[in-house]
Amino acid sequence: MSFIEYGDTIKEGDTAVVFLGHESMFPVKVQNGGKTQTKYGVIRHSTDLIGKPYGSKVTCSKGGWVYILHPTPELWTLNLPHRTQILYSTDISLITMMLELKPGSIVCESGTGSGSLSHAIIRTIAPTGHLYTVEFHQQRAEKAIEEFREHKVDHLVTVKNQDVCKNGFGVTDVADAVFLDIPSPWEAIGHAKSALKHEGGRICSFSPCIEQVQRTCLALEEHGFTEINTSEILLRVYNVRTISLQIPDLGKAAEDNASATAFDRGSPSNQDAASPQAGTVQFKSSVPLREMVGHTGYLTFATKSLF
Ligand SMILES: C[S@@+](CC[C@H](N)C(=O)[O-])C[C@H]1O[C@@H](n2cnc3c(N)ncnc32)[C@H](O)[C@@H]1O
């Protein structure tokens, strides 16, 4: 089982996600004889995990339960060990679509960072595509190689430990798409152009600051890229809640009012006494969260065309 092939059952060596709730989950490396501590008690890998189907509800030693989930790139993005800032699924979804990634695509990326985007790209381009990812920080490059091997996707990715602005991607005329998430993307546009196929392809650069975007757009124009376009994508999350609302029984209240004395009508205690008779309706309501993730970064897309 790997990050891209969905295995039915949990196996020794898998990375699985222990799901306690939407706000609480973490990855575990499944090992014969291994134990994982949760707030609901211990999970014993040999008896509780290995051989069980993914999605199983597993009871921990203190009686509480958790779900054991397959590690999709989306769940990995939420659970990976952070070595850098990372890209999240909202931006990743637009990147994947606008770069026109599909099975078989050849993609160049820099920097690799924590590998959040890399995992999503690999899942999309598998089984016949390839990702060339460049990271100049040696430990980050080594950690990425180790994770890709553990997740059994190393045949789909080549990690190069070099400066993309000085040395490029190490490949020429092969890529369908290039993605940049580095502080000075304008310095890598020339290398991106030579990595892209002669007949053309797509490029995307992620930058948090508009000044970086301006310099990147100028560099893209200088190198003959067309359809230069910058977007910012914001996610608005809604909470679904069950609301109980008391509806006064107006017909009944009118009857009661007719027989009530003038003194009773003005009495607060009388109004209170009338409310239990009112009906209650329950309905689902969705409300946007009061706080949301605002700006993450600008996504600049462009096309290298033949002409
Ligand atoms: C923000 S992180 C990338 C995060 C990544 N997109 C992810 O989703 O996990 C930026 C990375 O680019 C690397 N980097 C910066 N400049 C670079 C360069 N000129 N060549 C190669 N890597 C570079 C940094 O070391 C850092 O790891």
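Just so it is clear, the model here is predicted, and its values are computed rather than measured. (Residues numbered from 1 in each chain as written. Predicted model: local features only at pLDDT ≥ 70, side-chain atom pairs only at ≥ 80, totals over all residues. Heavy atoms only, no water.)

A. Broad picture of the overall build of the protein chain. Helix and strand content of the protein chain: 11 helices and 15 strands. When the backbone C-alpha atoms are referred to their principal axes, the protein chain occupies close to 90 × 55 × 30 Å. Across the 307 residues in the protein chain, those meeting the buried criterion constitute 45%. Considering only intrachain contacts with a sequence separation of at least 6, the fraction spanning at least 24 residues in the protein chain is 64%. (Helix = DSSP H or I, 4+ residues; strand = E, 2+ residues; numbered from the N terminus. Buried < 20%, exposed > 50% of the residue type's maximum accessible area, 1.4 Å probe, protein only. Contact = heavy atoms within 4.5 Å.)

B. The UniProt feature "binding site: S-adenosyl-L-methionine" (unreviewed entry) in the protein chain, seen in detail. The UniProt record annotates "binding site: S-adenosyl-L-methionine" (unreviewed entry) at S114, G115, S116, L117, E135 and D181. The largest pairwise C-alpha distance within this set of annotated residues, which runs over 68 residues, is 13.4 Å, so the set is compact in three dimensions. One can find G115 in the loop between β7 (106–110) and α4 (116–125). Judged by its relative accessible area of 1%, G115 is buried. Its location among the elements puts S116 in helix α4. Those residues in contact with S116 that sit more than four places away from it in its chain are T77, L80, I86, L87 and I92. (UniProt positions renumbered as here; feature names shortened; annotations may be inferred.)

C. Fine view of the nonpolar core. Grouped together as the largest cluster of nonpolar side chains are 32 residues, with contacts concentrated most on I95, L99, I122 and F179. Those elements giving two or more residues to this core turn out to be α3 (89–98), α4, α5 (138–150), β9 (157–160), β10 (177–180), β11 (201–207) and β15 (298–304). The contacts of F179, once residues within four sequence positions are left out, are L87, I95, L99, C108, E109, S110, L117, C204 and F206. If you look at the next biggest cluster of nonpolar residues, it comprises 23 residues, including V171, L180, I182 and A188. (Core = buried A, V, L, I, M, F, W, Y, C linked by side-chain atoms within 4.5 Å.)

D. Looking closely at the pattern of salt bridges. Tallied over the full model, the rule gives six salt bridges. Residue D14 pairs with K152 through a salt bridge whose shortest N-O separation is 3.9 Å. Placement of D14 in the segment before β1 (15–21) and of K152 in the loop between α5 and β9 is noted, with a sequence separation of 138 residues between them. By relative accessible area, which is 2% here, D14 ends up buried. A residue is classified by how much of its surface remains accessible, and K152, at 35% relative accessible area, is partly exposed. Of the charged contacts in the structure, one is a salt bridge between D176 and K197, with a shortest N-O distance of 2.8 Å. (Salt bridge = Lys/Arg side-chain N within 4 Å of Asp/Glu carboxyl O.)

E. Inspection of the site of the ligand at higher detail. If you check the shell around the ligand, you find 24 residues, and the closest are E135, R140, D163, V164 and D181. In the model, an oxygen atom of the ligand is placed 2.8 Å from a nitrogen or oxygen of the R140 side chain. With the chains in place, 91% of the 610 Å² that the ligand exposes on its own is no longer accessible. Looking at the shell around the ligand residue by residue, the classes come out as nine nonpolar, 11 polar and four charged. (Near = heavy atom within 4 Å. Polar contact = N/O pair within 3.5 Å; in protein donor to acceptor, adjacent residues only side chain to side chain. Areas by Shrake-Rupley, 256 points an atom, 1.4 Å probe, with all protein chains shown as cover. Nonpolar A, V, L, I, M, F, W, Y, C, P; charged D, E, K, R; others polar.)

F. Looking closely at the sheet that holds strand β6 (residues 65–69). Across the sheet, which stays open at both edges, the four strands sit in the order β2-β1-β6-β5 with antiparallel pairing between neighbours. Edge positions in the sheet fall to β2 (24–29) and β5 (57–59), since each has one partner strand and no second. Neighbour to neighbour, the strand axes of the sheet diverge by 35° on average, direction disregarded. Looking at chain direction, β1 and β2 are connected through six bridges and run antiparallel. In the strand pairing of β2, F19 is matched with M25. (Pairing = 2+ DSSP bridges. Axes fitted to C-alpha atoms, helices over the stretch in contact; angles between N-to-C directions.)

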